[in-house]
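# What the coordinates show
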Amino acid sequence: GAGVSQSPRYKVAKRGQDVALRCDPISGHVSLFWYQQALGQGPEFLTYFQNEAQLDKSGLPSDRFFAERPEGSVSTLKIQRTQQEDSAVYLCASSPVGARGYTFGSGTRLTVV
Amino acid sequence: DAKTTQPTSMDCAEGRAANLPCNHSTISGNEYVYWYRQIHSQGPQYIIHGLKNNETNEMASLIITEDRKSSTLILPHATLRDTAVYYCIVRVDGSSNTGKLIFGQGTTLQVKP
C-alpha cells in the first residue's frame, strides 16, 4: 500500500482482556517503530525493529507488552491483561534503512473499560 | 539526550507566515533537528530536518542559529489545514543506532481565518 496501515482503527477491551494490534509497514521498509500516545501528550517510544530483529524495547512499560515482527514485514503489538492506564493511541512508523524521516500510520485507539 | 523547549500554543492568521520557535541548547554536534506535525486523529507527519544549514522544502523552511541552540520552523503561507501540533525533536542515536524520536509536548498552532 501507499502508507503505513494499522488495524483495527479502534479497539475497546474489557480490563484483563488480551489485545493484538497490527501494523503493515510500507513495503520494503526495514525499520519499524511502535509508539504510545496518551490523550493530550506527545507520542512515547515503545520499541524498534530492524527487519525481524527487535533492537530496542526499552520503552515497553511492562512485561505485559510484547511486540513481534517474525518475517520482517508485518508487526504485532500484543498487550496482555489490559489495564485502564493502557488506554491510548498506539502508533506504528516505518522507514527505509538510513532514512531520516519516518512515515507514521493513523494509529489504533485502544480504550480499556 | 538533548531536549527541546517549545511554546505551548500559537495563533496565526490564514495566509500569513507562521514562525514556530524551538530551543535545544544542549544539542550535540552530530544531532539533527527534526520537525513533525500531527493533525487531529492522524499520525505524526514528517516536515523537515537539518543539521546546521538552513533547509527548505515544499512544506516549510527550517532556520537553525549558528550556535545550533535554537531553530525556527517557517510555514510561509499558513492555511487552515496547517492547524496541528508541531513537534521539534532532536534525533537520538543510541548504542543500537535506532534513531528513535523523543517527542515533547509540541506547539499547538491554530490558523485562523
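The present account deals with the structure reproduced in this document. (Residues numbered from 1 in each chain as written. Chains lettered and ligands numbered in written order. Predicted model: local features only at pLDDT ≥ 70, side-chain atom pairs only at ≥ 80, totals over all residues. Heavy atoms only, no water.)

Our focus in this paragraph is the overall build of chain A. Within chain A one finds 0 helices and 11 strands. Secondary structure of chain A in N-to-C order comes out as β-β-β-β-β-β-β-β-β-β-β. By the compact-globule yardstick of 13 Å for 113 residues, chain A fits well, its C-alpha radius of gyration being 13 Å. Its C-alpha atoms give chain A principal-axis dimensions of roughly 40 × 25 × 20 Å. Within chain A, the fraction of its 113 residues that count as buried is 46%. For chain A, long-range pairs separated by at least 24 residues make up 51% of all intrachain contacts whose partners lie at least 6 apart in sequence. Approximately 5400 Å² of chain A is accessible, and the part contributed by carbon and sulfur atoms is 46%. Taken together, the 12 basic and 10 acidic charged side chains of chain A have centroids lying 6 Å from each other. (Helix = DSSP H or I, 4+ residues; strand = E, 2+ residues; numbered from the N terminus. Rg over C-alpha atoms; globule rule 2.2 N^0.38 Å. Buried < 20%, exposed > 50% of the residue type's maximum accessible area, 1.4 Å probe, protein only. Contact = heavy atoms within 4.5 Å. Areas by Shrake-Rupley, 256 points an atom, 1.4 Å probe, with all protein chains shown as cover. Lys, Arg positive; Asp, Glu negative; His and termini not counted. Charge placed at Lys NZ, Arg CZ, Asp CG, Glu CD.)

Looking only at helices and strands, chain B features 0 helices and 9 strands. Of the regular secondary structure in chain B, the N- to C-terminal order runs β-β-β-β-β-β-β-β-β. Taking 113 residues into account, the globule formula puts the C-alpha radius of gyration at 13 Å, and chain B, at 14 Å, falls close to it. In terms of overall dimensions, chain B has C-alpha extents of about 45 × 30 × 25 Å along its principal axes. Split into buried and exposed, the 113 residues of chain B put 42% on the buried side. Pairs at least 24 residues apart make up 55% of the contacts formed inside chain B by residues separated by at least 6 positions. Computed over 10 positive and 10 negative side-chain charges, the inter-centroid distance for chain B is 3 Å.

All names here are of chain B. Along the chain, Arg 37 falls in strand 3 (residues 33-38). Within the structure, Arg 37 has its side chain in polar contact with the side chain of Asp 82 (distance 2.8 Å). Each residue touching Arg 37, except ones within four places of it in the same chain, is listed here: Gly 43, Pro 44, Gln 45, Ile 47, Met 59, Arg 81, Asp 82, Ala 84, Val 85 and Tyr 86. (Polar contact = N/O pair within 3.5 Å; in protein donor to acceptor, adjacent residues only side chain to side chain.)

Another point: the interface of chain A and chain B. Where interface size is quoted, it is often the accessible area lost as the parts come together. Contacts between the two partners involve 21 residues from chain A, matched on the other side by 20 residues from chain B. Buried area between chain A and chain B, both sides added, is near 1700 Å², and the carbon and sulfur share of it is 47%. Ranking the residues of chain A by area buried against chain B places A:Arg100, A:Tyr102 and A:Phe104 at the top, with a combined share of 37%. Taken together, chain A and chain B are joined by 1 salt bridge. One salt bridge in this structure joins A:Asp56 and B:Lys100, with 3.5 Å as the shortest N-O distance. Secondary structure elements with two or more residues in the side of chain A that touches chain B: strand 4 (31-37), strand 5 (44-50) and strand 6 (53-56) of chain A. In terms of residue count, strand 4 of chain A provides more of the side of chain A that touches chain B than any other element does, 3 residues in total. (Buried area = accessible area lost by both parts, 1.4 Å probe. Salt bridge = Lys/Arg side-chain N within 4 Å of Asp/Glu carboxyl O.)

Another aspect to go through is the pairing of strand 9 (residues 88-95) of chain A. All names here are of chain A. Buried residues dominate strand 9, accounting for 8 of its 8 residues. Here strand 9 shows a buried face lined by Ala 88, Tyr 90, Cys 92 and Ser 94 and a second buried face lined by Val 89, Leu 91, Ala 93 and Ser 95. For strand 4 and strand 9, the ladder comprises 7 bridges, and the chain directions are antiparallel. Each residue of the ladder has a partner; that of Trp 34, found in strand 9, is Cys 92. Pairing of strand 9 with strand 11 (residues 108-112) involves 3 bridges; the strand directions are antiparallel. Of the residues in strand 11, the one forming a bridge with Tyr 90 is Thr 108. By the bridge criterion, 2 bridges tie strand 9 to strand 10 (residues 103-104) in an arrangement that is antiparallel. By the bridge assignment for strand 10, Ser 94 is matched with Thr 103. (Pairing = 2+ DSSP bridges.)

Counting 21 residues, the largest nonpolar core has B:Trp35, B:Leu73, B:Tyr86 and B:Leu109 as its most contacted members. For this core, the secondary structure elements donating two or more residues are strand 2 (18-23), strand 3, strand 4 (45-50), strand 6 (61-64), strand 7 (70-75), strand 8 (84-90) and strand 9 (107-112) of chain B. With 4 residues, the top contributor of residues to this core is strand 8 of chain B. Non-local contacts of B:Leu109, meaning those with residues more than four positions away in its chain, are made with B:Met10, B:Asp11, B:Cys12, B:Ala18, B:Leu20, B:Leu75, B:Asp82, B:Thr83, B:Ala84 and B:Tyr86. Formed by 20 residues, the second largest nonpolar core is a distinct cluster that contains A:Cys23, A:Ile26, A:Ala88 and A:Tyr90. (Core = buried A, V, L, I, M, F, W, Y, C linked by side-chain atoms within 4.5 Å.)

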